[in-house]
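Remarks on the overall topology
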Number of protein chains: 4
Amino acid sequence: MGKGRLEAFSDGVLAIIITIMVLEMKVPHKADLSGLRPLIPVFLSYVLSYVYIGIYWNNHHHLFQAVHSVKGSVLWANLHLLFWLSLFPFMTGWMGENAFAAIPVAVYGVVLMFAAIAYFILTRVLIANHGKDSTLGTAIREDFKGKISVILYAVAIPLAFVNAWVACLIYTVIAIFWLIPDRRIEKTLIQ
Amino acid sequence: MGKGRLEAFSDGVLAIIITIMVLEMKVPHKADLSGLRPLIPVFLSYVLSYVYIGIYWNNHHHLFQAVHSVKGSVLWANLHLLFWLSLFPFMTGWMGENAFAAIPVAVYGVVLMFAAIAYFILTRVLIANHGKDSTLGTAIREDFKGKISVILYAVAIPLAFVNAWVACLIYTVIAIFWLIPDRRIEKTLIQ
Amino acid sequence: MGKGRLEAFSDGVLAIIITIMVLEMKVPHKADLSGLRPLIPVFLSYVLSYVYIGIYWNNHHHLFQAVHSVKGSVLWANLHLLFWLSLFPFMTGWMGENAFAAIPVAVYGVVLMFAAIAYFILTRVLIANHGKDSTLGTAIREDFKGKISVILYAVAIPLAFVNAWVACLIYTVIAIFWLIPDRRIEKTLIQ
Amino acid sequence: MGKGRLEAFSDGVLAIIITIMVLEMKVPHKADLSGLRPLIPVFLSYVLSYVYIGIYWNNHHHLFQAVHSVKGSVLWANLHLLFWLSLFPFMTGWMGENAFAAIPVAVYGVVLMFAAIAYFILTRVLIANHGKDSTLGTAIREDFKGKISVILYAVAIPLAFVNAWVACLIYTVIAIFWLIPDRRIEKTLIQ
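Cut-off values and rules
- Residues numbered from 1 in each chain as written.
- Chains lettered and ligands numbered in written order.
- Predicted model: local features only at pLDDT ≥ 70, side-chain atom pairs only at ≥ 80, totals over all residues.
- Heavy atoms only, no water.
- Helix = DSSP H or I, 4+ residues; strand = E, 2+ residues; numbered from the N terminus.
- Rg over C-alpha atoms; globule rule 2.2 N^0.38 Å.
- Buried < 20%, exposed > 50% of the residue type's maximum accessible area, 1.4 Å probe, protein only.
- Contact = heavy atoms within 4.5 Å.
- Areas by Shrake-Rupley, 256 points an atom, 1.4 Å probe, with all protein chains shown as cover.
- Lys, Arg positive; Asp, Glu negative; His and termini not counted.
- Charge placed at Lys NZ, Arg CZ, Asp CG, Glu CD.
- Least-squares fit on C-alpha atoms with pLDDT ≥ 70 in both.
- Buried area = accessible area lost by both parts, 1.4 Å probe.
- Salt bridge = Lys/Arg side-chain N within 4 Å of Asp/Glu carboxyl O.
- Polar contact = N/O pair within 3.5 Å; in protein donor to acceptor, adjacent residues only side chain to side chain.
- Phe/Tyr/Trp six-rings, centres within 6.5 Å; stacked < 30°, edge-to-face > 60°.
- UniProt positions renumbered as here; feature names shortened; annotations may be inferred.
- Axes fitted to C-alpha atoms, helices over the stretch in contact; angles between N-to-C directions.
- Parallel < 35°, antiparallel > 145°, perpendicular 65-115°, else oblique.
- Left-handed = near helix turned anticlockwise from the far one by under 90°.
- Nonpolar A, V, L, I, M, F, W, Y, C, P; charged D, E, K, R; others polar.

1. Details of the overall build of chain A
- Secondary structure assignment for chain A yields 9 helices and 0 strands.
- Walking chain A from its N terminus toward its C terminus, one meets helices and strands in the order α-α-α-α-α-α-α-α-α.
- The C-alpha radius of gyration of chain A comes to 18 Å, within 12% of the 16 Å expected for a compact globule of 191 residues.
- When the backbone C-alpha atoms are referred to their principal axes, chain A occupies close to 60 × 35 × 25 Å.
- When each of the 191 residues of chain A is scored for burial, the buried share is 60%.
- By sequence separation, contacts in chain A at least 24 residues apart represent 78% of the contacts at least 6 residues apart.
- About 7200 Å² of surface is accessible on chain A, with carbon and sulfur atoms providing 71% of the total.
- In chain A, which carries 14 positive and 10 negative side-chain charges, the distance between the mean positions of the two groups comes to 4 Å.

2. Some details on the side chain of Glu7(C)
- Within the fold, Glu7(C) resides in helix 1 (residues 4-20).
- Those residues in contact with Glu7(C), other than ones at most four positions away along the chain, are Arg5(B) and Phe64(C).

3. Side note on the arrangement of the chains
- Chain A makes no contact with chain C; the smallest distance between any of their C-alpha atoms is 9 Å.
- There is a clear gap between chain B and chain D: no contact, and 9 Å between their nearest C-alpha atoms.

4. Regarding the relation of the copies chain D and chain A
- Screw-axis analysis of chain D against chain A gives a translation of 0.0 Å along the axis, an RMSD of 0.0 Å, and a rotation angle of 90°. Viewed as a symmetry operation, the transformation between the two copies matches a four-fold axis. Identified as the residue of chain D closest to the rotation axis by C-alpha distance is Gly12(D), at 4.3 Å.
- Comparing contact sets, just 3% of the residues at the interface of chain D also lie at the interface in chain A, consistent with a heterologous contact between different surfaces.

5. Some remarks on the interface of chain B and chain A
- Each partner contributes to the interface: chain B provides 38 residues, whereas chain A provides 29 residues.
- Counting the surface chain B buries against chain A, the share from its top three residues, Val27(B), Tyr50(B) and Trp57(B), is 21%.
- For Arg5(A), the salt bridge goes to Asp11(B), with nearest N and O atoms at 2.7 Å.
- Joining chain B to chain A, the criterion identifies 8 residue pairs in polar contact (both at pLDDT 80 or more).

6. Overview of the interface of chain D and chain A
- With 29 residues of chain D at the interface, the matching set in chain A holds 38 residues.
- Its largest share of buried area at the contact with chain A, chain D owes to Arg5(D), Trp76(D) and Phe90(D), together 27% of the area lost on that side.
- Remark: the boundary between chain D and chain A carries 2 salt bridges.
- Its salt-bridge partner being Glu7(A), residue Arg5(D) comes within 3.6 Å of it at the nearest N-O pair.
- Where chain D touches chain A, the interface holds 8 residue pairs in polar contact (both at pLDDT 80 or more).
- Residue contributions to the side of chain D that touches chain A peak at 9 residues, all from helix 1 (residues 4-20) of chain D.

7. A few points about the relation of the copies chain B and chain A
- Mapping chain B onto chain A leaves a residual RMSD of 0.0 Å; the transformation is a rotation of 90° accompanied by 0.0 Å of translation along its axis.
- Mapped onto chain A, only 3% of the interface residues of chain B again fall at the interface, so the copies present different surfaces.

8. Some words on the packing of aromatic side chains
- For the structure on display, the rule yields 50 aromatic pairs over all chains.
- The rings of Phe43(A), Tyr46(A), Tyr50(A), Phe83(D), Trp84(D) and Phe114(D) are connected pair by pair, giving a single aromatic cluster.

9. As for the UniProt feature "transmembrane region" (unreviewed entry) in chain A
Residue and element names in this part refer to chain A.
- The feature "transmembrane region" (unreviewed entry), as given by UniProt, occupies residues 6-23, 35-53, 73-92, 99-122 and 151-180 in the numbering adopted here.
- The span residues 35-53 is 74% helix and 0% strand, and its two end C-alpha atoms sit 28 Å from each other.
- With 88% helix and 0% strand, residues 99-122 has end C-alpha atoms that lie 33 Å from one another.

10. Considerations on the pattern of salt bridges
- Applying the stated criterion across every chain yields a total of 8 salt bridges over all chains.
- Overlapping salt bridges bring together Arg5(A), Glu7(B) and Asp11(B) as one network.

11. Remarks on the packing of helix 7 (residues 144-162) of chain C against helix 8 (residues 164-179) of chain C
Residues and elements named next belong to chain C.
- Where helix 7 meets helix 8, the closest approach of the two axes is 7 Å, and the angle between their N-to-C directions is 165°. What the angle tells us is that helix 7 and helix 8 run roughly antiparallel. Remark: the crossing between helix 7 and helix 8 carries left-handed chirality. Listed contacts from helix 8 to Phe-144, Lys-145, Gly-146, Ile-148, Ser-149, Leu-152, Tyr-153, Ala-156, Ile-157, Leu-159, Ala-160 and Val-162 of helix 7 are Ala-164, Val-166, Ala-167, Ile-170, Tyr-171, Ile-174, Phe-177 and Trp-178.
- Tallied by class, the residues present in the contact of helix 7 with helix 8 amount to 17 nonpolar, 2 polar and 1 charged.

This is the structure:
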């Protein structure tokens, strides 16, 4: 079964998520800069979520370049990942509107963590279908980044109740950490 | 006529439906967990609808793999299916906001039933175009799952007035029943 | 220049238009059928607009099958068509919320007429680029349907002020008239 | 790495931006033309933004025709461009709802300027990857239009505080200036 439609559908969902997140930035009724001030946390949470969706799209793009065929299990592992990402607009809006209050920041981290786990599951399902010795299998065998991210989210979530900004800092550090594209797959593909 | 644009258009519509359903989960103004509590039924109805759209995308994907060409009748049978699916965000929001009250649950079932009928019509139109002895024709000749689903919806809708949760249980059972990808087509394609 | 991206972009815009129109059907707060009653005109105007977008997608699909290459002029003629179609969700919501009052019905007709003119311009630009004796040129030389539609809209718009239902009837008749796919192009392509 | 998914994702984001901008035109509750009057500035700002998104899509289309492969840096330069364009619906709504007041018009210009800079960066990253003597490199070596646009935005933004209509006029002139498709790339491709 071809991977074309899975890629197209995922691109569509990610494109819409990234664009409707902006709808949470409600147009202010005032025409002066004071109207924009309450939107600053909403804007910051939008930027963070935008970067995260960009990272997922980027890594999804890299991952599927090494994929040859997709089975039903891959379709559902992919839909499972998209489910958690589809909650981003809601979480981004809630965290932004409450100016990074403890509980929304913690719940945002929970969604990030489940998305990371869903991505991890997707890679495992793909490896199971392609074999451990396939290009894909050797390229992402260790998946250090995936595992460390989940651990860091698990640390950040309770920390949000101590200091929400520390949790946000950890989310940002993980994002920067992932911004570097997955050279493992690129390297293996070239060899 | 190629099937590429029909697939791309359907993917687009389904990707948007799945993503705007989340907009019915209105961002709460409170920053504590009590703000999330009224969203639990909205979230549950979102999960159910997400799985249903996932199933339709999955089966649509499988179905069109065996399709060689599309005529005007197929385009309209497909648009008819997308019409019923486009009502999902509205129905999901109504059912969720009213915490699975009898009438919204029944009307949700009516939309599910019409979507199932529309999918059935689409398969019949495709078989009529490809011939009963084509790969497609032999693969979905019986369509036991399609027929039994329509019957179960017809049973669940009046039951919603007796007990809405029983109706929801039936919708969930049908969803699980469909989660298994359409091995009939896969099998026939491989032979 | 390839036509692939123009088709993909148009499919995307049409898929989004068709799906966000549904957002104008606001989820009622009541859980009984009386909550749905004020939505009946909104639903009817949604159905009419859905059929119209379906017709445009269908005809666009047929039209571009005979297209070999696109120039800048085609890109802009296409964007011009999409502009008028992008006003459908707004017009559909306005007409539906006011239960087919005279002015919204007339303005709806104006948007329909400009969309029809934009489609007509698009076909002329394509013929200019492909030549009058090309497959495309001979297939849509007369364009009786396009011309008669514009005339009928021009008749229906003032009639909306006399009786809005007569105008709606004319819009519906034109829709049925277009539901028949463009056999001219199909025929010419087969020969 | 193929450019297909980057194009598809960009098309998706631009298609959604163009379509959700229309959602800022709130359906009026009145059924007469007086209900439409406050929407005139919203409509005008929609038209301006629609043309701008059309220009970006057009130029993106032209630009990537000369692109052979994309690296991680291109993916992020492209996401950076899409980020600024994703703010268009918000800015369009704010400018329109406040009937072209000074501050919204100035901030609109700031977003336009950052989008122009992001497009400029994207072309530089592409040239760096393809080489100065590639088709792409020779085609957009000077990029007079890109540079002059950024300068004109920088002039228009402070002018908005003197007279917002002058700033809007400059934005419109730049749009008309860009409406002419990028013949440089087209010419070089044909040779």
